[in-house]
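Chain residues, written in single-letter form:
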Amino acid sequence: MFYLIGVVIAFFLVAILLTKRQKTQADWILMGWLSAGGIHLTAYFFIYSKPTPSVSGNFTYFNAVAFVSGPLFIFIYKSTYQ
């Protein structure tokens, strides 16, 4: 039962972040983190298998760096036909 509550809370927070205006890159990373956690808990709740290793460490690092220092991934397009 507690897994189901965690799934609801995770997807509720994703919905709140989706409605936020002016999302930063840290918000997008947090949405991915919460979605991955919600999907993981959903699979664990319905399949009842052993818990698998999570990628929370990576999400924590990228979210902290994006929140503190700004954008992590900057895509630069350089046209060869200038």
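Residues numbered from 1 in each chain as written. Predicted model: local features only at pLDDT ≥ 70, side-chain atom pairs only at ≥ 80, totals over all residues. Heavy atoms only, no water.

How do you make sense of the overall build of the chain when you look at a structure like this?
When its secondary structure is counted, the chain shows 3 helices and 0 strands. When its helices and strands are written in sequence order, the chain yields α-α-α. The buried share among the 82 residues of the chain stands at 15%. In the chain, the proportion of contacts linking residues at least 24 apart, taken out of those at least 6 apart, comes to 59%. (Helix = DSSP H or I, 4+ residues; strand = E, 2+ residues; numbered from the N terminus. Buried < 20%, exposed > 50% of the residue type's maximum accessible area, 1.4 Å probe, protein only. Contact = heavy atoms within 4.5 Å.)

Before we go on, may I ask you to explain the packing of helix α1 (residues 2-19) against helix α2 (residues 25-47) in this structure?
Two quantities define a packed helix pair, namely the angle between the axes and the distance from one axis to the other. Their axes nearest at 9 Å, the elements α1 and α2 cross at an angle of 155 degrees. Taken together, α1 and α2 sit at an angle that is classed as roughly antiparallel. The hand of the α1/α2 crossing is left-handed. Residue-level contacts link Y3, L4, G6, V7, A10, F11, L13, V14, L17 and L18 of α1 to D27, L30, M31, L34, S35, G38, I39, L41, T42, Y44 and F45 of α2. Tallied by class, residues from the contact of α1 with α2 come to 16 nonpolar, 4 polar and 1 charged. (Axes fitted to C-alpha atoms, helices over the stretch in contact; angles between N-to-C directions. Parallel < 35°, antiparallel > 145°, perpendicular 65-115°, else oblique. Left-handed = near helix turned anticlockwise from the far one by under 90°. Nonpolar A, V, L, I, M, F, W, Y, C, P; charged D, E, K, R; others polar.)

Just to check I follow, could you spell out α2 for this structure?
Quick reminder: α-helices carry 3.6 residues per turn. Residues three or four places apart thus point the same way. Its 23 residues give α2 an end-to-end C-alpha distance of 33 Å, which sits within 8% of 33 Å, the value for a rise of 1.5 Å per residue. Within α2, the full set of buried residues consists of A26, D27, I29, M31, G38 and Y44. Tucked inside the fold, the buried residues of α2 contact α1 and α3 (56-69). (Expected span 1.5 Å × (residues − 1).)

Any chance you could explain the pattern of salt bridges here in plain terms?
Side chains bearing opposite charge may pair, as long as their charged atoms lie close to each other. Scanning the entire structure with this criterion turns up 1 salt bridge. As a salt-bridge pair, K20 and D27 come within 2.7 Å of each other at their nearest N and O atoms. We classify D27 as buried; its relative accessible area is 9%. (Salt bridge = Lys/Arg side-chain N within 4 Å of Asp/Glu carboxyl O.)

In this structure, what is going on with the environment of F2? I would like to understand it.
One can find F2 in helix α1. Sequence-wise, F2 and F45 are 43 residues apart; in three dimensions their C-alpha atoms are separated by 9.2 Å.

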